[in-house]
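Coordinate inspection notes
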Amino acid sequence: MTRLPDTPEIAIVGGGIVGLVLAAGLTRRGVQVKLFEQARNFREIGAGIGFTRNTVNCMEKISPGIVRALRSGGSVNVSLDETDPKSYLRYINGYGLQSEDDPMYQKPLLRLDAGVKGWETVRRDQFLDDLVKEIPEGVIHLQKKLSMIVDEEGQDKVVLQFTDGTSVEADAVIAADGIKSTTRKLLLGEDNPASYPQYSHKVAYRALIPMDKVAAAIGEYKTHKQHMHVGPNAHLIHYPVNTNTIGATVVVSDPNDWPLDKPTTTPGSRKDVLEALENWSLPVRNLVDLFPEQLDRWALFDLAEYPVPKYNKGRVCLVGDAAHASSPHHGAGASFGVEDVLCLCTMIPEQTGQFVREREVSKGDALRVAFETYNKIRRTRTQWLVNSSRRVCDLFQQPDWADPAKRVKAESCFEEVKDRSFQIWHFDSSKMEEDTIRDYRESVGR
Ligand code: FAD
């Protein structure tokens, strides 16, 4: 699309999934975009990530190139089952010996139907590699670490300053700089606890394992289908990330503190995981036996204790993890960032451009209103996700799973798990687009 004369110049900070999806969406709409990423290269870890049908629909609306990247990155249905194209999320008992006759038996607890191709899973690194290819040349600027934003009333442009001493101007800044967002700290101030992520007292261990090895460890059926194994103080999730690899994550409770100045990942080992899963069922322990001996121990931080009070200030706004970093137990953090992007792309540049033309306001002023609208539309839902992720993790990891007398009580959690999952999957993105346009127009008196 050719650039319209009144389309704004937007600076995006951060080139993770959300920043790149935003760059793809805005450039497709003719907006002049500069994306600044602190790293030398785009990097995602080799682990799995999943997106619901609803999120893939949002990607399609933002830019079909994003879905193209997802598919060329090798995405698969979370249930690799040639006889049934539907995606199911399966919850099973992961703890203890469950049948004297068959040590591999695990009791099914809940099967959630996400519809035809309702969950697509992919290797993060492969998706990101292909997503970068969808961004037009000249947009991405690597090794640019944001240090300061100057957004002064009365000045035509916002100024971004980088640690290498350079600076650039833009009509507005959208920050997708992740859970440790510099921009969030600049907006809220160093003394505000919401400027910093908080430890959720869970650690994760992740591995990618060849499918043929997994089949021998847990059986063919489970290998080809996503399963969440629940039990006391831990859970294990695995799913195919392409046609020959399984992504597996074990999440373990950790009563200790994790200071913010400590690296988020520290060295761990398979032995640590096996110790945490002592007395768990045989398939779970067999699968963990296939993890590499040396593993990263990922501390899971989020923004649950001190939610960000407002996602925008002046001509700057926060999206994705920078605004609402969540623990990963719904598998929806990036998906909610994609919804944020759709909300912004609904207004920029069409609604903002119309406002500029009709009222002769500056592009910056039109974007201020767009960011106010974005905050209004997105904050409640995204902060619900942060809370709900912690809640479902508590349900998956109830200590009661270990107590035969309390097993029935523990199992009663699944109606709640279902309701919370549906709240994510059955989101009406068309209604969000309508609400966004209506609210924007009301705010500018149209
Ligand atoms: P990030 O990916 O963190 O990107 C931020 C970028 O900003 C980085 O590239 C960083 O280098 C850059 N940056 C930071 N500071 C600066 C600066 N000052 N200047 C310039 N650049 C800067 N979500 C799902 O939707 N589905 C799932 O299945 C799923 N599974 C998950 C499993 C686990 C174990 C975890 C931990 C998370 C999971 N998530 C999932 C959540 C998802 O990973 C995140 O929500 C998502 O990656 C956040 O993307 P982002 O672009 O907002 O931030």
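See above for the structure.
Figured I'd write up the structure that's included with this text. (Residues numbered from 1 in each chain as written. Predicted model: local features only at pLDDT ≥ 70, side-chain atom pairs only at ≥ 80, totals over all residues. Heavy atoms only, no water.)

So, the packing of helix α13 (residues 363–396) against helix α15 (residues 414–425)
For clarity, the cut-off: Whenever a helix is involved, its axis is fitted only over the stretch in contact; in every case the axis is a line through C-alpha atoms, and angles between N-to-C directions fall within 0 to 180 degrees. Labels follow the DSSP assignment, with helices taken as runs of H or I lasting at least four residues and strands as runs of E lasting at least two, numbered in each case from the N terminus. Orientation labels follow simple angle bins: below 35 degrees gives roughly parallel, above 145 gives roughly antiparallel, 65 to 115 gives roughly perpendicular, and whatever is left gives oblique. For any helix crossing, the convention is left-handed if the near helix is rotated counterclockwise from the far helix by under a right angle, and right-handed if that rotation is clockwise. Any pair of residues with heavy atoms lying within 4.5 Å of one another is described as a contacting pair. Only Asp, Glu, Lys and Arg are considered charged, only Ala, Val, Leu, Ile, Met, Phe, Trp, Tyr, Cys and Pro nonpolar, and every remaining residue, Gly among them, polar.
Remark: α13 packs on α15, axes separated minimally by 11 Å, with the N-to-C direction vectors making an angle of 150 degrees. The orientation of α13 relative to α15 falls into the category roughly antiparallel. Handedness of the α13/α15 crossing: left-handed. Note on element contacts: α15 touches α13 through Glu-416, Val-417, Arg-420, Gln-423 and Ile-424, opposite Arg-381, Trp-384, Leu-385, Ser-388, Arg-391, Val-392, Leu-395 and Phe-396. Its residues assigned to classes, the contact of α13 with α15 comprises 7 nonpolar, 2 polar and 4 charged.

Brief notes about the site of the ligand
Put simply, the test is: Distances are taken per atom, and a residue is near a molecule or strand as soon as one of its heavy atoms is within 4 Å of it. Identification of polar contacts relies on pairs of N or O atoms within 3.5 Å, with a donor-acceptor requirement for protein atoms, meaning one able to donate a hydrogen and the other able to accept it, and with residues adjacent in sequence counted only if both atoms are side-chain atoms. A 1.4 Å probe and the Shrake-Rupley method give the accessible areas. Residues count as covered only by the protein chains that appear here.
Glu-37, Gly-50, Arg-124, Asp-321 and Gly-331 are the nearest of the 29 residues found near the ligand. In this structure, Ala-334 approaches the ligand through a main-chain N or O atom, which is 3.0 Å from an oxygen atom. Protein coverage of the free-state accessible area of the ligand, which is 1000 Å², stands at 85%. Counting residues per element, the ones that place at least two in the shell around the ligand are α1 (17–28), β3 (48–52) and α11 (333–347). Considered class by class, the residues forming the shell around the ligand number 11 nonpolar, 11 polar and 7 charged.

Some thoughts on the sheet that holds strand β14 (residues 227–231)
Stated formally: By the convention used here, strands pair only if DSSP detects at least 2 bridges between them.
Reading across from one edge, β6-β5-β14-β15-β16-β13-β18-β17 is the order of the 8 strands in this open sheet, with mixed pairing throughout. Every other strand in the sheet has two partners, leaving β6 (108–116) and β17 (265–269) as the edge strands with one partner each. Neighbour to neighbour, the strand axes of the sheet diverge by 25 degrees on average, direction disregarded. Across 4 bridges, the pairing between strand β13 (residues 198–210) and strand β18 (residues 294–302) is antiparallel. Of the residues in β18, the one forming a bridge with Tyr-199 is Phe-301.

Observations concerning the environment of Pro-309
Put simply, the test is: Only protein chains enter the accessibility calculation, which uses a 1.4 Å probe; a residue whose area is less than 20% of its type maximum is buried, one above 50% is exposed, and one in between is partly exposed.
Examined against the element boundaries, Pro-309 turns out to sit in the loop between β18 and β19 (312–313). You can call Pro-309 partly exposed: its relative accessible area is 45%. Taking the C-alpha atoms as reference points, Pro-309 and Leu-188, 121 residues apart in sequence, are found 8.8 Å from one another. Not counting the four nearest positions on each side in its chain, Pro-309 is found in contact with Leu-188, Ala-194 and Arg-379.

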